[in-house]
Amino acid sequence: MNALATKSLNSVKYGLEANYYVSLLVTVVTAVMSVTGKDSFFTMGDDLYGPLGNNLKIMLIYLALAQLVVFIYCLRKQNYRELTIMGLFIILLIGGVEFYGAINDVPIDEKYNPFFLYTGLSHIFYGILSFLPDKNDQMDATNIN
């Protein structure tokens, strides 16, 4: 592979990695801000959700904790493939939150959908990088022959 293609691939990898860390940070900050009572990315006003607002806050806390646990697991394992599955589940939360709003007859903040989509895609793209062959693995394979 020529040097330009290698640099481009490395730039994409670093960009996807940085984007994943930003999405993880955004999730944690959003969860913390929702617990402290400050409006974060989402409108959490009592007038909008009433007592059901606490359920959405708890969901954000669980989501942040789950992401941190999976991240620590992947970090210790040095393999991030599981993030792909986590990203799919995060994207499925879009439908879950819409269903929750329909069942409880409460309007859901429109910002949940792009938030879950961004976070889920960030996990998926970073997880897909683990499926690509590593440069060191390719060099080891050529040295064996």
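Since the structure is predicted, the reported quantities are computational estimates derived from the model, not experimental observations.

## Quick notes on the overall build of the protein chain
Okay, step 1: What the protein chain contains, in helices and strands, is 6 helices and 0 strands.
Okay, step 2: Walking the protein chain from its N terminus toward its C terminus, one meets helices and strands in the order α-α-α-α-α-α.
Okay, step 3: By residue count, 32% of the 145 residues in the protein chain fall in the buried class.
Okay, step 4: Intrachain contacts of the protein chain at a sequence separation of at least 6 include 75% that bridge at least 24 residues.
Okay, step 5: A total of about 9000 Å² of accessible surface is found on the protein chain, and carbon and sulfur atoms cover 66% of it.

## Quick notes on the side chain of Thr84
Okay, step 1: In this fold, Thr84 is placed in helix 4 (residues 82–104).
Okay, step 2: Here Thr84 falls in the buried class, since its relative accessible area comes to 15%.
Okay, step 3: Apart from the residues within four sequence positions on either side, Thr84 is in contact with His123, Ile124, Gly127, Ile128 and Phe131.

## Looking at the confidence of the model for the protein chain
A low pLDDT score tells you not to read the predicted coordinates there in detail.
Okay, step 1: Scored by pLDDT, the protein chain has a mean of 83; 81% of the residues are at 70 or more.
Okay, step 2: When mean pLDDT is taken per element in the protein chain, helix 5 (residues 112–128) scores highest with 94 and helix 6 (residues 135–144) scores lowest with 47.
Okay, step 3: Long-range and interchain partners of residues 137–145, a stretch whose pLDDT sits below 50, account for 1 contact in this model, where long-range means more than four residues apart.

## Overview of the packing of aromatic side chains
Okay, step 1: Tallied over the entire structure, the rule returns 8 aromatic pairs.
Okay, step 2: Centre to centre, the rings of Tyr20 and Phe71 are 6.0 Å apart; their planes meet at 45°, and the pair counts as tilted. Residue Tyr20 is located in helix 1 (residues 3–36), and its partner Phe71 is located in helix 3 (residues 53–77); the two are separated by 51 residues in the primary sequence. A single burial state applies to Tyr20 and to Phe71, both of which are buried.
Okay, step 3: Each ring, one from Tyr21 and one from Tyr126, has its centre 6.2 Å from the other, and the planes form 55°; the classification is tilted. Of this pair, Tyr21 sits in helix 1 while Tyr126 sits in helix 5; the two residues are 105 residues apart in sequence, bridging distant segments of the chain.
Okay, step 4: Residue class for Tyr21 comes out partly exposed when judged on its relative accessible area of 32%.
Okay, step 5: With relative accessibility at 7%, the residue Tyr126 sits in the buried group.
Okay, step 6: Cluster of aromatic residues (ring-pair linked, three or more members): Tyr20, Tyr21, Phe71, Tyr80 and Tyr126.

The rules we used
- Residues numbered from 1 in each chain as written.
- Predicted model: local features only at pLDDT ≥ 70, side-chain atom pairs only at ≥ 80, totals over all residues.
- Heavy atoms only, no water.
- Helix = DSSP H or I, 4+ residues; strand = E, 2+ residues; numbered from the N terminus.
- Buried < 20%, exposed > 50% of the residue type's maximum accessible area, 1.4 Å probe, protein only.
- Contact = heavy atoms within 4.5 Å.
- Areas by Shrake-Rupley, 256 points an atom, 1.4 Å probe, with all protein chains shown as cover.
- pLDDT = per-residue confidence, 0-100.
- Phe/Tyr/Trp six-rings, centres within 6.5 Å; stacked < 30°, edge-to-face > 60°.

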